Amino acid sequence: MPEPRPGPLNVTALLDSRRLLMVGGKGGVGKTTTASALALAAAGRGRRVLLVSTDPAHSLSDAFNRDIGDRETALAENLFGLEIDPDREVDAHLETVRARMARFAAADQRPELERQLRLSRQSPGAQEAALLERLTTLMDEDRRYDLIVFDTAPTGHTLRLLSLPEVMAAWTEGLLRQNRRGEQLGKVLGHLSPGRDVESLTGEPEERELEGLDDRARGLAAPLLERQRRFHRARRRLQDGAHSAFLFVLTPEKLPILETERAVRSLTEAGIPVAGAIVNRVLPDDAEGAFFRARREREQRHLADIDTRLGALPRHHLPLLADDVQGLEALEAFAARLTR
């Protein structure tokens, strides 16, 4: 049976119809340039757009050739940019946790609370958990924008983010262990806290009345329940193909191809729709000489491999350009190539 052939990726239709676009891919394939051009193209079509970088190694400022930083900054008509600072998000997240827990922790529990927070600051999932808090908040505020485009971190980091790691479980457990009076609350928090994997968020959080808990227990458990509900709302949006889409950027090279194949499979299994792939830096037909002939022969093998591995996933090819894409004018030209 013949392999399914990919259809063309209708970039314009995505820009006109979706509320959320996530642009991912291996580092160095042109992901930030593509996300920036997509956001600029949508803004040019009259949509109010927020372009958000979640990559710790921010490149939005470089792409637009101007400072952006961790504040919503006007970049063009209808277009605003934001570079989320992961370290700042971790500090803000843990400070919120500290303030909330200090209201309910007994004096003898506070040293353990501080110890757990220090450990959480250095934990492998700290940045992802803090970024998740900021991203879900932005998704809840999407009425301010017609479209939010996320320039995500390299693929592995993004998949960890979408698998929703939890730092809260560690300090909650450690704190409550210090006092038997916390056992009842610990039981509640145990079943309120979301799980550590994607599958744990496919179900709707149950309504819980928190019966039998005193005021201190309710005050701590209620924000966790609201947090869980916010995660579920974000999850539903990501899984709604009419609302959201994930686009991958890759180059016709072995490692980006393999990484994209794995990421597409992981997202598909998690129920997150992948709208297509943008194959960047394809050699132009008029490239001449023995070197380019050899490169083109290898590239054709990689393009055939992409057809095999990505199957019927819609794709759009972009040529290798003679110069870097930087600044508004260059991004507009790149956007025109994307929407042809």
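Rules used in this analysis
- Residues numbered from 1 in each chain as written.
- Predicted model: local features only at pLDDT ≥ 70, side-chain atom pairs only at ≥ 80, totals over all residues.
- Heavy atoms only, no water.
- UniProt positions renumbered as here; feature names shortened; annotations may be inferred.
- Pairing = 2+ DSSP bridges.
- Helix = DSSP H or I, 4+ residues; strand = E, 2+ residues; numbered from the N terminus.
- Axes fitted to C-alpha atoms, helices over the stretch in contact; angles between N-to-C directions.
- Contact = heavy atoms within 4.5 Å.
- Parallel < 35°, antiparallel > 145°, perpendicular 65-115°, else oblique.
- Nonpolar A, V, L, I, M, F, W, Y, C, P; charged D, E, K, R; others polar.
- Polar contact = N/O pair within 3.5 Å; in protein donor to acceptor, adjacent residues only side chain to side chain.
- Buried < 20%, exposed > 50% of the residue type's maximum accessible area, 1.4 Å probe, protein only.
- Core = buried A, V, L, I, M, F, W, Y, C linked by side-chain atoms within 4.5 Å.

Looking up the chain in an unreviewed UniProt entry gives the name arsenite-transporting ATPase, with the organism given as Alloalcanivorax marinus. UniProt annotates the chain under Sequence similarities (unreviewed entry) with the comment "Belongs to the arsA ATPase family." Quoted verbatim from the Catalytic activity (unreviewed entry) field of UniProt, the annotation for the chain is "arsenite(in) + ATP + H2O = arsenite(out) + ADP + phosphate + H(+)".

Chemist: Hey, could you run me through the sheet that holds strand β3 (residues 73–76) in this one?
Modeler: In any sheet, the strands associate via hydrogen bonds between backbone groups, in a parallel or an antiparallel arrangement. With mixed pairing, eight strands are arranged side by side in an open sheet as β3-β4-β2-β5-β1-β6-β7-β8. Where the open sheet ends on each side, the last strands, each with one partner, are β3 and β8 (315–319). Along the sheet, successive strands turn relative to each other by an average axial angle of 25°, direction set aside. On top of the sheet, helix α11 (residues 254–269) reaches β6 (244–250) and β7 (274–282); it is set at about 165° to β6, its chief contact. Those strands touched by helix α12 (residues 290–310) are β6, β7 and β8, and its axis lies near 175° from that of β7.

Chemist: Explanation requested: the packing of helix α2 (residues 31–44) against helix α13 (residues 328–338) in the structure shown.
Modeler: Any two packed helices are characterised by how steeply their axes cross, that is the angle between the axes, and by the distance between the axes. One can describe the packing of α2 onto α13 by two numbers: an axis separation of 8 Å at closest approach and a directional angle of 85°. When the axis of α2 is compared with that of α13, the two are roughly perpendicular. On the side of α2, the interface is formed by T33, T34, S36, A37, L38, L40 and A41, while α13 contributes L328, L331, E332, F334, A335 and L338. Residue composition of the contact of α2 with α13, by class: nine nonpolar, three polar and one charged.

Chemist: How do you make sense of the environment of T32 when you look at a structure like this?
Modeler: With respect to the helices and strands, the residue T32 is situated in helix α2. Distance from T32 to T152, taken between C-alpha atoms, is 8.3 Å for residues 120 residues apart in sequence. Side chain to side chain, T32 and D151 meet in a polar contact 2.8 Å long.

Chemist: Got a minute to help me understand unusual backbone geometry in this structure?
Modeler: For residues besides glycine, phi is generally negative; the peptide bonds are generally trans as well. Here N65, not a glycine, exhibits a phi torsion of approximately 60°, which is positive. Residue placement: N65 occurs in the loop between α3 (60–64) and β3. Of note in this structure, N78 is not a glycine but carries a positive phi near 70°. A relative accessible area of 26% places N78 in the partly exposed class.

Chemist: Even after reading the chapter, I still don't get the pairing of strand β1 (residues 20–24), so can you show me in this structure?
Modeler: Consecutive residues of a regular strand have side chains that alternate between opposite faces of the sheet. Among the five residues of β1, five are classified as buried, and the element is accordingly described as predominantly covered. With burial as the criterion, each face of β1 is covered, one bearing L20, M22 and G24 and the other bearing L21 and V23. Examined bridge by bridge, β1 and strand β5 (residues 147–151) share four bridges and lie parallel to one another. Bridged to M22 within β5 is F150. Sheet analysis places β1 next to β6, joined by five bridges and oriented parallel. Bridge pairing in β6 links V23 to L247.

Chemist: Could you clarify how one ought to interpret the nonpolar core in this entry?
Modeler: Soluble globular proteins tend to bury their nonpolar side chains together. Residues L15, V49, L51, F64, L79 and V149 are the most contacted members of the largest nonpolar core, which totals 36 residues. The element best represented in this core is α2, accounting for eight residues. Ignoring anything within four residues of it in the chain, the contact list for V149 reads L21, V23, A35, A39, V49, L50, L51 and V52.

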